[in-house]
Number of protein chains: 2
Amino acid sequence: MHLTIVKEELLKGLSTAYRAIPSKSPNPVLTCFKLEMTGRGLEITASNGDTTIRTLVPLSLGNVKIIRNNSAGAILTNAHIITELVRKMDSAEIDIEVLDGYVAKISDDRSTYMLNCIEPDQYPDIELSEAPGAFDIATKSLTDLVKQTAFAAAIKSARPVLTAINLKAEGGTLTATTTDAARLSRKFVSIDPSVAFVANIPAKTMSDIVNMLEGYEKARMSYGREKLLLRFGNTTVASSLLSGEYPISDKVIPTTFNFHLEANASELVSAIERVAVLNPDGAPVVKLSMSPAGVEVSTRSDQSGSGVERLRTVQYTGQRLEITFNANFVNQAISALKGTDVLISFVGEMRPFVIRNPQDDSVVELVTPVRSR
Amino acid sequence: MHLTIVKEELLKGLSTAYRAIPSKSPNPVLTCFKLEMTGRGLEITASNGDTTIRTLVPLSLGNVKIIRNNSAGAILTNAHIITELVRKMDSAEIDIEVLDGYVAKISDDRSTYMLNCIEPDQYPDIELSEAPGAFDIATKSLTDLVKQTAFAAAIKSARPVLTAINLKAEGGTLTATTTDAARLSRKFVSIDPSVAFVANIPAKTMSDIVNMLEGYEKARMSYGREKLLLRFGNTTVASSLLSGEYPISDKVIPTTFNFHLEANASELVSAIERVAVLNPDGAPVVKLSMSPAGVEVSTRSDQSGSGVERLRTVQYTGQRLEITFNANFVNQAISALKGTDVLISFVGEMRPFVIRNPQDDSVVELVTPVRSR
């Protein structure tokens, strides 16, 4: 295997694949990239067992030659070392040559590195070809879908499926749902009506993936062989799925309410943030006191003291109501809605309440109150 | 105690003093600010036991009234909570009133906070008045003195005095020395010839202090009562000293050499950084191989492989010489010199070598080689 490659393009490819390299792994093979020179270009593969990224640095981009002097072959090389070396090398082109005994010679006109490598057969066999039923999705839709819901998934849970985003494609709609059992977030976008599947993808993985989509307009998604696959530009990302029945039915979101609060989103978020300062440790518990006479956010801590915020830009319909909740849950939900105004609808004191953006029906957030002290 | 104060000036004062608040302390008093309303303004004091900061928010700045409605008094209040509250409040003025039972009422036209406080007598008595022999020093000189030496102090040591910057004022020169026993850094600046003292100040504290000096041209330093005091603008900082004899005599720095290498500083630093990539764990050991025919930086790791960098912009005088050293020590030393070129002078293979900026005699760095493998 041999190639001379434009440094910036090599670094882009290495940096893209590096996102799937685990910070540490008992399996040294997974701390490596698989580099494979093929007829299409240099293929770089990385996998942490759950997420796999494969990206291609092509032979040329438009009229610009990216790779020259190439001969086919493959090698496994430590991902951290080759990425940092290439990042720090300052020549326009870098030469990579695999020598006998699985040594990769990385060089330019002033530097020569001999990197100990692993033979390529040691790498797990990872199938990344598109499954039947693949469909195109606008990256903006996919990014909104993930960013407006991922925060409400559990970080850790005795039920691992709660760490997932539940994706359901049906009747022209792709719906994402997350819940950590105390709150729920749901968002839908339109897709090709012929697509139908249900899959639970780790929320952390989906967040990492959408961070890679910047600069691409469309991605191609397919679901099959126990994986979700996403292809954009010269890169394919595969995520393993979480098994288990996703616990949420549509009935959990109430549809009739007795109380409605409409507020300026940033005023409400700021007021909640300020009173939350009095609970510097643990989950900040905050009380919303609403009546036709006015709306207040307050907190009381035995150690720190108490605080009250009067809201100005509010409209409240209903009888007097007090609701106590985790400040972070409500503020994350309001922020995810991305609206100027926020509409919160309540059934009663200890019943889950619904937070919506009055300008956007595609997303709904549900939060369960906590007991007032 | 009562005052109405311009929010931005209060926040500046709180943020300045906050730098001395420990992230946690078994003594709740030290997690508090002492706020004291005096005839001069609002005095804010913070201390972690070793470093004390006292800053004054004055009654007015030029013609602008900063504090109004004030009556004297003092209180101890949780530093984190009041700083975060004031940061997040968005009115132009904030009212602070101490109520019976050591409660501070912090309010503006929409927010009211009642903070549980501690009675002011609980605060340690900290004397911060200027000692005899105080002198003015340009903040740029003091910042250079600290930033060009602090990195070579020990982080932790069985000999705590090695975590200090040794400051020696004598004959019109203030000299800073640091050493962790494997390397040494020394820098001098000119001061008032009548000043004479020797003090060991924790390097970490001195680094924190010089970070506060931005925007001030001069500071006033004094040494006495087991403390170093520094005053700039409306702020006074006191650092406790480290006891113990500082172990370095002037004789440790060699003055006659057999080998000299002059190199472009950034080229040498980059080459060392690249070969150091092959030792991702622990102290990266790098070899400099010099002869009249050329100069190379190299490394060899059983696990990762090997690398060689040929330097271009070098001038070497002397016989063939190989020196092995901790890459971080040499790169930190070269960076601290802030020169375009760097001059490294050697006595012999296992003898400490001296790194200098050929354009700046005021600073010298010394590094002990390690045994080559």
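Bear in mind that the values here come from a model prediction, so they are computed numbers and not experimental data.

Before going further, it helps to spend a moment on the overall build of chain A. Counting its secondary structure elements, chain A contains six helices and 28 strands. C-alpha atoms of chain A, sized along the principal axes, occupy 80 × 50 × 40 Å. Contacts spanning at least 24 positions in sequence make up 65% of the contacts within chain A whose residues lie at least 6 apart. A distance of 4 Å separates the average location of the 39 positive side-chain charges in chain A from that of its 42 negative side-chain charges.

For the rest of this paragraph, the subject is the pattern of salt bridges. Any two side chains of opposite charge can pair if their charged atoms end up close together. Residues and elements named next belong to chain A. The final tally for this structure, using the stated rule, is 38 salt bridges over all chains. A salt bridge links Arg-220 to Asp-136; the nearest nitrogen and oxygen atoms lie 3.1 Å apart. You can see Arg-220 sitting in strand β17 (residues 218-224) and its partner Asp-136 sitting in strand β12 (residues 135-138), a full 84 residues away along the chain. Judged by relative accessible area, Arg-220 falls into the partly exposed class, the value being 27%. Across the pair Lys-140 and Asp-144 runs a salt bridge whose closest N-O atoms are separated by 2.6 Å. One end of the pair is Lys-140 and the other is Asp-144, both in helix α3 (residues 139-147) and four residues apart, which spans about a single turn. Given a relative accessible area of 56%, Lys-140 falls into the exposed group.

Our next topic: the interface of chain A and chain B. Counting residues at the interface gives 34 residues for chain A, matched by 34 residues for chain B. For the pair chain A and chain B, the two sides together bury roughly 3,000 Å², of which 45% comes from carbon and sulfur. It is Arg-110, Tyr-113 and Arg-274 of chain A that lose the most area in chain A upon contact with chain B, and together they represent 25% of the buried surface on that side. Joining chain A to chain B, the criterion identifies four salt bridges. The residue Asp-109 of chain A makes a salt bridge to Arg-312 of chain B at a minimum N-O spacing of 3.2 Å. One can count 22 residue pairs in polar contact (both at pLDDT 80 or more) joining chain A with chain B.

Our next topic: the relation of the copies chain A and chain B. The transform that puts chain A on chain B rotates by 180° and translates by 0.0 Å along the axis, for an RMSD of 0.0 Å. Here the copies are linked by what is in effect a two-fold axis. Residues of chain A ranked by C-alpha distance from the rotation axis are headed by Ser-23 of chain A, positioned 14 Å from it. Most of the interface of chain A is mirrored in chain B: 100% of its interface residues are interface residues there too.

Before going further, it helps to examine the pairing of strand β28 (residues 360-367) of chain A. Residue and element names in this part refer to chain A. Of all eight residues in β28, six are buried, a share of seventy percent or more. Relative to β28, strand β15 (residues 183-190) runs antiparallel, the two sharing five bridges. Each bridged residue has a counterpart across the sheet, and for Ser-185 the counterpart in β28 is Glu-365. By the bridge criterion, four bridges tie strand β27 (residues 353-357) to β28 in an arrangement that is antiparallel.

A word on the state of the cysteines. Residue and element names in this part refer to chain A. The tally for this structure, following the rule as stated, stands at zero disulfides over all chains. No disulfide involves Cys-117; its sulfur sits 7.4 Å from the nearest other cysteine sulfur, which is in Cys-32. Residue class for Cys-117 comes out buried when judged on its relative accessible area of 14%.

Let us look at the sheet that holds strand β4 (residues 51-58) of chain B. All names here are of chain B. With respect to topology, eight strands assemble into an open sheet ordered β8-β2-β3-β4-β19-β18-β17-β12, the strand pairing being antiparallel. Strand pairing shows two members of the sheet lacking a second neighbour, β8 (73-78) and β12 (135-138), which therefore form its edges. Within this sheet the neighbouring strands show an average axis-to-axis angle of 20°, counted without direction. One ladder, built from seven bridges, connects strand β3 (residues 41-47) with β4; its direction is antiparallel. Of the residues in β4, the one forming a bridge with Thr-45 is Arg-54. Sitting on the sheet, helix α1 (residues 7-18) is in contact with β2 (32-37), β3, β4 and β19 (235-240), with an inclination near 170° to β4.

Moving on, we get to unusual backbone geometry. Its identity is not glycine, yet Asn-69 of chain A carries a phi of approximately 55°, on the positive side. A positive phi angle is found at Ala-181 of chain B, which is not glycine, with a value near 85°. Within the fold, Ala-181 of chain B resides in the loop between β14 (173-179) and β15 (183-190).

Moving on to helix α2 (residues 79-88) of chain A. All names here are of chain A. Across the 10 residues that make up α2, a large majority, seven, are buried. Listing the buried residues of α2 in full gives Ala-79, Ile-81, Ile-82, Thr-83, Glu-84, Leu-85 and Val-86. N-cap assignment for α2: the residue whose side-chain oxygen lies 3.1 Å from the backbone N of His-80 is Asn-78.

Quick notes on the rules
Residues numbered from 1 in each chain as written. Chains lettered and ligands numbered in written order. Predicted model: local features only at pLDDT ≥ 70, side-chain atom pairs only at ≥ 80, totals over all residues. Heavy atoms only, no water. Helix = DSSP H or I, 4+ residues; strand = E, 2+ residues; numbered from the N terminus. Contact = heavy atoms within 4.5 Å. Lys, Arg positive; Asp, Glu negative; His and termini not counted. Charge placed at Lys NZ, Arg CZ, Asp CG, Glu CD. Salt bridge = Lys/Arg side-chain N within 4 Å of Asp/Glu carboxyl O. Buried < 20%, exposed > 50% of the residue type's maximum accessible area, 1.4 Å probe, protein only. Buried area = accessible area lost by both parts, 1.4 Å probe. Polar contact = N/O pair within 3.5 Å; in protein donor to acceptor, adjacent residues only side chain to side chain. Least-squares fit on C-alpha atoms with pLDDT ≥ 70 in both. Pairing = 2+ DSSP bridges. Disulfide = S-S within 2.5 Å. Axes fitted to C-alpha atoms, helices over the stretch in contact; angles between N-to-C directions.

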